[in-house]
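Below, each chain spelled out in residue letters.
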Amino acid sequence: MGNWFINEGPSVFVILVWLAINAYLFVNAYLFYNEGIRFHYSRQIYGEALAWARAPAACLNFNCMLILLPVCRNLLSFLRGSSVCCGRNIRRQLDRNLTFHKMVAWMIALHTTIHTAAHLFNVERCVDARAEANGTIQAVLSDLEDKEGETYLNFVRSKVQNPTGGLNVAFTFLAGLTGVVITLALILIITSSTETIRRSYFEVFWFTHHLFIVFFIGLVIHGVGLIVRGQTEKSLGEHNITLCTDFTLWGRNSTCPKPQFAGNAPVTWKWVLGPMILYVLERLLRFWRSNQKVVVTKVVTHPFKTYEIQMKKKGFKMEVGQYIFVQCPAVSHLEWHPFTLTSAPEEDYFSIHIRIVGDWTEGLFKACGCDKTEFQEAWKLPKIAVDGPFGTASEDVFSYEVAVLVGAGIGVTPFASILKSVWYKYCSNVDTLRLKKIYFYWLCRDTHAFEWFADLLQSVETQLQERNNADFLSYNIYLTGWDESQATHFTVHHDQEKDVITGLKQKTLYGRPNWENEFKNIASAHPSSRVGVFLCGPESLAETLSKQSIGNSSADPRGVHFIFNKENF
Amino acid sequence: MGRIEWAMWANEQALASGLILLAGGIVAVAGQFKKWEFAAYAVAAGVFICLLEYPRGRRKKGSTLERCGQRFMTPVVKLFGPLTRNYYVRAVLHAALAVPGGWLLSTVLGTVCLGIASLIYLVAAICGEEWQPIEAKPQEKPRIAETIKRPPENPPPRPPPEVRKKAADEGAVSGAYDNPFPVVE
């Protein structure tokens, strides 16, 4: 529970605050329109649908303001950098930006539905009041401004009946037309961003999402027509609605002159202008970044369809566990792909490891000339643009005496950077380094993923042996899935000095680790220490580790304590 | 990433259009708007489109994410054969279904959405795509049974694996050791 609160509490808090603001805006606008005296006559025509249309509109303003912020990744990165004082739990919320973006998007969809449905009623009623009503208060209100010196309440002026009258409203009024257009834009954006489309046909998703430009322009001018109207302040003073209930007498005597109406000033632009400017700046910054010079210093091909690109860029500063966006004009002008940095901050270059899994990664592989056997000249390497780094640094590792790092499958990538960095810190100054021992667990379902990372582990292993400090890092690799032919292969090679899969001195273990035993062993090896447990992997494993961390911590405050951290890479 | 399969987007768009048509229809029927008979049609058409589009087609390459519970509907849609398989048919069908919704403001949004879906389906059809049902793969039989049936043909001591591998490559069946007794299954 404690861990859950530390990890999830701030997220839940942010969401609750967001929901509360939505609820407040909704109720506030609803009451304003449904009980406000200014809209007494408006309600005679519109009924309750007026408030039902205006309440979601208020929420739409708020959510449309929010929707752009989580996708300004440079802005988030800046905030992250400048909010060091706020602690990492606050900062980590910034890493859930896309989840928040999606939630805001669904909220916009919900409010759009309510808003549109309510306006369907409004249009129907306005057209009916104008075209058909006779002798009722609706008819009298709708006929205002037919004579001079009056101001209209019902924006429908033509007497064409429904349903044609309603269609005329949608396609001849600015509000109607922009409403239809931006709703369409929203629908297209949503249908093209479902999981299947986003993952499989990224281009469709990416291009359709740019309809947001149409959406925001339409949104800002949607209310410019001022067609939702209320009684003016001046008119309220002259024409008391409680005294002037008999509408047939309006304008006949001095106590009840005809009521005057005016439209509400549009406010949407006040909400969305700021984020729009920020987003434009963001795109300009990205454009500028993509023109910055990045020098590819080295391209290394690793076994099993993996290659490593080492790069340098002026003013590039990274922290462990961060990621960058990479674009290669030679492959695609539009696609930016995120990669975890695998180099340590101490190194004078930054590197990424790329596995060939799709067209883009393969295109980059070819562009770098990795498919050719001979040595490639540096100037032949393609131009690469880099945006970033982004993400929260996982520097907490260094604040514990003992660290247990658990990576599952591809979740191991952030640990590459951490291990390297630990290594550099260890080499430069052993005494100041608080961290005395690292247990590294790596669980993998198939042998493929082992290959490139094993390379890195191998180099750390040899370096540690050279320094006679092999026990600083203890690592355990678990293969959790294999087939029969592999099994025989393993048994045959069991006695060799190096492991058959990873080529490491440490033997690969088969099956899942017995966490109970592992934790017990660590606890007995390090009495009275604070042990940081770091996981980058699936939720079920997180539960297991969290339980073990709590179960194996001693009650004595001076005893061993496991502190569980789930990373959100 | 590969080639874009337009039908996947068309499917999402058509399903959304069906829902929007349905919602618009319900609003107009509930409000008893003028000419709500068109809205009643929109409700029926919306439901039909949702049923037709709910089972996602199989992607040509890679795995396809199934919609929750679509496996019950896939066989029904499959039943109509070429009518549901061919995307030209869908493009024309959706275009035709969309038209009556255009007479009523409540359903006009659904009409336009469905029109767009129809256009995307047309693109898909021109690209030569077809609707293929996602069907459960035949489950692999557990392999243990096989190995139990067949006792090892080459009793120990066996040659080291390098030699064995080499022998297999050369096509030598007999191997290093001749079994005096024929192994009977």
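What you see is a predicted model, and the numbers here were worked out from it, not measured in a lab.

The subject of this paragraph is the overall build of chain A. When you go through chain A residue by residue, the secondary structure sums to 20 helices and 14 strands. Taken over 569 residues, chain A has a buried fraction of 51%. Put simply, of all contacts in chain A between residues at least 6 apart along the chain, 73% involve residues at least 24 apart.

We now examine the pattern of salt bridges. Under the counting rule described, the total for this entry stands at 19 salt bridges over all chains. With a closest N to O distance of 3.2 Å, Arg130 of chain A and Asp146 of chain A form a salt bridge. Here Arg130 of chain A, found in helix H6 (residues 97-131), pairs with Asp146 of chain A, found in the loop between helix H7 (137-142) and helix H8 (164-172); they are 16 residues apart in sequence, far enough to count as distant. On the basis of relative accessible area, Asp146 of chain A is assigned to the partly exposed category, the value being 45%. In this structure, Glu12 of chain B and Arg67 of chain B form a salt bridge, with 3.3 Å as the shortest nitrogen-oxygen distance. Taken together, the residues Glu12 of chain B in helix H1 (residues 6-30) and Arg67 of chain B in the loop between helix H2 (36-53) and helix H3 (74-79) connect sequence positions 55 residues apart. By the burial criterion, Glu12 of chain B is buried, and Arg67 of chain B matches it. Here the salt bridges share partners, and the residues they tie into one network are Arg130, Asp143, Asp146 and Arg157 of chain A.

Between two packed helices, what matters for the description is the angle formed by their axes and the separation of those axes. Residues and elements named next belong to chain B. The geometry of H1 relative to helix H6 (residues 105-126) is characterised by a closest axis approach of 8 Å and an angle of 165° between their N-to-C directions. It follows that H1 is roughly antiparallel to H6 by the angle criterion. Seen from above, H1 lies across H6 with left-handed handedness. Tallied by class, residues from the contact of H1 with H6 come to 17 nonpolar, nine polar and no charged.

Residue and element names in this part refer to chain A. Of all six residues that make up strand S8 (residues 385-390), six are buried, and the element is covered over most of its length. Summarising the sheet, strand S5 (residues 323-327) and S8 pair through four bridges and their orientation is antiparallel. When the bridges of S8 are listed, Tyr323 appears paired with Phe390.

This paragraph deals with the interface of chain B and chain A. Contacts between the two partners involve 33 residues from chain B and, on the opposite side, 35 residues from chain A. Interface area for chain B against chain A, summed over the two sides, is near 3,100 Å², with a carbon-plus-sulfur share of 72%. Measuring nitrogen to oxygen at the nearest pair gives 3.2 Å for the salt bridge that ties Asp128 of chain A to Lys34 of chain B. Along the contact surface separating chain B from chain A lie 10 residue pairs in polar contact (both at pLDDT 80 or more). Of all the elements in the fold, those that place two or more residues in the side of chain B that touches chain A are H1 and H6 of chain B. Per-class residue counts for the side of chain B that touches chain A are 19 nonpolar, six polar and eight charged.

The rules behind these values
Residues numbered from 1 in each chain as written. Chains lettered and ligands numbered in written order. Predicted model: local features only at pLDDT ≥ 70, side-chain atom pairs only at ≥ 80, totals over all residues. Heavy atoms only, no water. Helix = DSSP H or I, 4+ residues; strand = E, 2+ residues; numbered from the N terminus. Buried < 20%, exposed > 50% of the residue type's maximum accessible area, 1.4 Å probe, protein only. Contact = heavy atoms within 4.5 Å. Salt bridge = Lys/Arg side-chain N within 4 Å of Asp/Glu carboxyl O. Axes fitted to C-alpha atoms, helices over the stretch in contact; angles between N-to-C directions. Parallel < 35°, antiparallel > 145°, perpendicular 65-115°, else oblique. Left-handed = near helix turned anticlockwise from the far one by under 90°. Nonpolar A, V, L, I, M, F, W, Y, C, P; charged D, E, K, R; others polar. Pairing = 2+ DSSP bridges. Buried area = accessible area lost by both parts, 1.4 Å probe. Polar contact = N/O pair within 3.5 Å; in protein donor to acceptor, adjacent residues only side chain to side chain.

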